[in-house]
Amino acid sequence: MLQVITGFIAGQEWIFIAIAAGIILFGAKKIPELARTLGKSRMEYEKGKFEAEKELKDLKDKKD
């Protein structure tokens, strides 16, 4: 039965379903706050990744 239902829903509709589920679960006021938190988390991840790559490069340069 689930395959029949999911067979009628294409890729783009799942995005709208996910957004609607998020609004229902978290409320419309919490969504921007969650987006900001996700953005900050991603920024910290990228910063850590950059620093790790820099340290690795420095170690390789020091070894040579």
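Residues numbered from 1 in each chain as written. Predicted model: local features only at pLDDT ≥ 70, side-chain atom pairs only at ≥ 80, totals over all residues. Heavy atoms only, no water.

## Remarks on the overall build of the chain
Here is step 1: Across its full length, the chain holds three helices and zero strands.
Here is step 2: The N-to-C order of helical and strand elements in the chain reads α-α-α.
Here is step 3: Looking at the 64 residues of the chain, the share that counts as buried comes to 2%.
Here is step 4: Accessible area of the chain: about 6,400 Å², with a carbon and sulfur share of 65%. (Helix = DSSP H or I, 4+ residues; strand = E, 2+ residues; numbered from the N terminus. Buried < 20%, exposed > 50% of the residue type's maximum accessible area, 1.4 Å probe, protein only. Areas by Shrake-Rupley, 256 points an atom, 1.4 Å probe, with all protein chains shown as cover.)

## A closer look at helix α2 (residues 11–26)
Here is step 1: Taking 1.5 Å per residue as the helical rise, α2 with its 16 residues ought to reach 22 Å, and the 23 Å between its terminal C-alpha atoms agrees with that figure.
Here is step 2: Directly after α2, the chain includes Gly27, whose backbone phi takes a positive value near 90°. (Expected span 1.5 Å × (residues − 1).)

## A word on a nonpolar patch on the surface
Here is step 1: Together, Ile15, Phe16, Ile19, Ile23, Leu25, Phe26, Ile31 and Leu34 give the surface a local cluster of nonpolar side chains, amounting to about 790 Å² of exposed area.
Here is step 2: Residue assignment for the nonpolar patch shows that the elements contributing at least two residues are α2 and α3 (30–63).
Here is step 3: The element that contributes the greatest number of residues to the nonpolar patch is α2, accounting for six residues.
Here is step 4: Within the secondary structure, Ile31 is located in helix α3.
Here is step 5: For Ile31, a relative accessible area of 32% translates into the label partly exposed. (Patch = residues over 30% accessible without salt bridge, like charges linked within 9 Å, V, L, I, M, F, W, Y side chains within 5 Å. Salt bridge = Lys/Arg side-chain N within 4 Å of Asp/Glu carboxyl O.)

## Comments concerning the environment of Ile31
Here is step 1: Separated by 12 residues in sequence, Ile31 and Ile19 place their C-alpha atoms 9.6 Å apart.
Here is step 2: When near neighbours in sequence (up to four residues on either side) are disregarded, Ile31 contacts Gly22, Ile23 and Phe26. (Contact = heavy atoms within 4.5 Å.)

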